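Each chain, letter by letter, is given below.
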Amino acid sequence: MRFVQLKAGDARRLALVEEPKLRLLRNFDSLYALAQAAIESGVKLTTHAGNHVSDVSLDYEQIYQGITDWKLIPPIDHPDEPARCLVSGTGLTHFGSARDRQAMHLAKEEELTDSMKMFQWGMEAGRPALGEIGIAPEWFYKGNGFAVHAHKEPLLVPPYAEDGGEEAEIAAAYLIGPAGQPFRIGMAQGNEFSDHRFEKRNYLNLAGSKLRTCSLGPEFVIDPNFHAVPGKVSIHREGFEFWSQTIASGEQEMAHSLRNLEYHHFKFALHRRPGDVHIHFLGAHSLSFGQGLHLKSGDIMSIQFEGFGRPLQNPVLVASEKPAPIEVIPLA
């Protein structure tokens, strides 16, 4: 099953994707509410959704193109408290990204960078057997629900940033149940969007390079294939595709298993607060920045993984203003 979330004015709805239509659900206006109901009832989410599909359908193409009152919003969110949606991710999971990171931070050709050492640790101990715990992956904080944008919404390169570049990834989303048990709702394609030029100066700048907008969607997939997922990422400039690359995700392309990534995220009690949503980016295969491209305002980033629905497309928006100092006012 694939879902989208829609909004028109103050009204929002949850819809099942039945190409070329969207079928609205009764009684649920968010995937969050549907997932909560599935946990409380003990009924599978797909079964619960099937029991609430209405006869009302909408034209998907018009909504996808943004020419109706109904607009696509991120396909998963915390509808009441966006700050209770933690957005995080892990890097150095995919073979391609490790090569890009090694090249970005290489000092001497014969030396392994710290980034490549971390990747090798994953290769050696990132796929533990059932009942065992593997090595911890790289982990980063991306922001909260306010940072997550929808299909067609611009991704901002803020005034203080040096650059902005796409990171085509698959993200998993989770809901924490009443007893603190994490439940995986499903996955969506995403653009993790980072400041690679800033990061290139020093790999310790990774954390700061991540604090900016990202996007998910347009669709959310319940129980997708995550063994081997081919895809394509492309950049369009002035109406023409001027760069593209085939990419791949899924456990076959990764040093770490999904189980290992999930354990090392949810081992922290702070990440098991009942009612919270977690969106976790699972790593990128390759980046246009790794091939020497620098995006500019108006470029359209397009990401599509097989089995994840229609492409996710977002324009780049480079802030025109210069950074201004922020002065802290003491209360003493």
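See the structure shown above.
Now for a look at the structure at hand. (Residues numbered from 1 in each chain as written. Predicted model: local features only at pLDDT ≥ 70, side-chain atom pairs only at ≥ 80, totals over all residues. Heavy atoms only, no water.)

### Some remarks on the overall build of the protein
- For the protein, the helix and strand inventory stands at 8 helices and 18 strands.
- The C-alpha radius of gyration of the protein comes to 20 Å, within 12% of the 20 Å expected for a compact globule of 332 residues.
- For the protein, long-range pairs separated by at least 24 residues make up 74% of all intrachain contacts whose partners lie at least 6 apart in sequence.
- Carbon and sulfur atoms provide 54% of the accessible area of the protein, an area that totals close to 15,500 Å².
- Considering the protein, the positive charge centre built from 32 side chains and the negative charge centre built from 41 side chains are found 1 Å apart. (Helix = DSSP H or I, 4+ residues; strand = E, 2+ residues; numbered from the N terminus. Rg over C-alpha atoms; globule rule 2.2 N^0.38 Å. Contact = heavy atoms within 4.5 Å. Areas by Shrake-Rupley, 256 points an atom, 1.4 Å probe, with all protein chains shown as cover. Lys, Arg positive; Asp, Glu negative; His and termini not counted. Charge placed at Lys NZ, Arg CZ, Asp CG, Glu CD.)

### Describing helix α1 (residues 31-41)
- For α1, the set of buried residues is Leu31, Tyr32, Leu34, Ala35, Ala37 and Ala38.
- In the segment just after α1, Gly42 is the residue with positive phi, at about 75°. (Buried < 20%, exposed > 50% of the residue type's maximum accessible area, 1.4 Å probe, protein only.)

### Quick notes on the side chain of Ser30
- Mapping Ser30 onto the fold places it in the loop between β3 (21-25) and α1.
- Contacts of Ser30, omitting those with residues within four sequence positions, involve Gln5, Arg12, Leu14 and Pro79.

### What to know about unusual backbone geometry
- A cis amide bond, omega 5°, links Glu19 with the succeeding residue Pro20.
- Looking at where Pro20 falls in the secondary structure, it is placed in the loop between β2 (11-18) and β3.
- Pro218 follows Gly217 through a cis peptide bond whose omega is -5°.
- For Pro218, the position within the fold is in the loop between β12 (214-216) and β13 (220-221).
- Phi at Asn27 is positive, roughly 70°, even though this residue is not glycine.

### As for a nonpolar patch on the surface
- A cluster of nonpolar residues, Trp139, Tyr141 and Leu211, forms a patch on the protein surface that exposes about 290 Å² of accessible area.
- Judged by its relative accessible area of 39%, Tyr141 falls in the partly exposed class. (Patch = residues over 30% accessible without salt bridge, like charges linked within 9 Å, V, L, I, M, F, W, Y side chains within 5 Å. Salt bridge = Lys/Arg side-chain N within 4 Å of Asp/Glu carboxyl O.)

### Observations concerning the pattern of salt bridges
- Per the counting criterion, the structure on display carries 16 salt bridges.
- Between Glu262 and Arg184 there is a salt bridge, with its nearest N and O atoms 2.8 Å apart. Taken as a pair, Glu262 in helix α8 (residues 258-266) and Arg184 in strand β11 (residues 182-191) lie far apart in primary sequence, 78 residues in all.
- When its relative accessible area of 14% is taken as the criterion, Glu262 is described as buried.

### What to know about the pairing of strand β18 (residues 312-318)
- Across 3 bridges, the pairing between strand β9 (residues 155-157) and β18 is parallel. Bridging from a neighbouring strand, Leu155 pairs with Val316 of β18.
- The sheet contact formed by strand β17 (residues 300-305) and β18 spans 4 bridges and is antiparallel. Across the sheet, the residue bridging to Ile300 is Pro315, located in β18.
- Linking β17 to β18, which pair antiparallel, is a turn of 6 residues; within it Gly307 sits at a positive phi near 90°. (Pairing = 2+ DSSP bridges.)

### Section: the layout of surface pockets
- Looking at the largest pocket, its volume works out to about 450 Å³.
- Lining of the largest pocket is provided by 19 residues; of these, Leu45, Arg184, Ile185, Gly186 and Ile222 occupy positions nearest its centre.
- The element that contributes the greatest number of residues to the lining of the largest pocket is β11, accounting for 5 residues.
- Taken together, the residues of the lining of the largest pocket sort by class into 13 nonpolar, 3 polar and 3 charged.
- Of the volumes computed, that of the second largest pocket is approximately 260 Å³.
- For the second largest pocket, the lining is made up of 13 residues, of which Arg12, Ile73, Pro74, Asp77 and Pro82 are closest to its centre. (1 Å grid on protein atoms, 1.4 Å probe; cavity = no way out; pocket = protein on both sides within 12 Å on 5 of 7 lines; lining within 4 Å. Points joined across faces, edges and corners; volume = space filled by probe spheres on them. Nonpolar A, V, L, I, M, F, W, Y, C, P; charged D, E, K, R; others polar.)

### Some words on the nonpolar core
- Ranked by size, the top nonpolar core spans 30 residues in total, and within it Phe3, Leu34, Ile76, Ile185 and Ile279 carry the most contacts.
- Those elements that place two or more of their residues in this core are β2, α1, α2 (45-50), β6 (85-89), β10 (168-176), β11, β12 and β16 (277-284).
- Element by element, the count of residues in this core is highest for α1, at 6 residues.
- Excluding residues within four positions of it along the chain, Leu34 makes contact with Phe3, Leu14, Leu25, Phe28, Leu45, His48 and Ala49.
- Ile170, Ala172, Tyr174 and Val233 belong to the second largest nonpolar core, which has 29 residues in total. (Core = buried A, V, L, I, M, F, W, Y, C linked by side-chain atoms within 4.5 Å.)

### Quick notes on the environment of Trp121
- With respect to the element layout, Trp121 can be found in helix α5 (residues 114-125).
- With residues up to four places along the chain from it excluded, the contact list for Trp121 reads Gly126 and Ile135.

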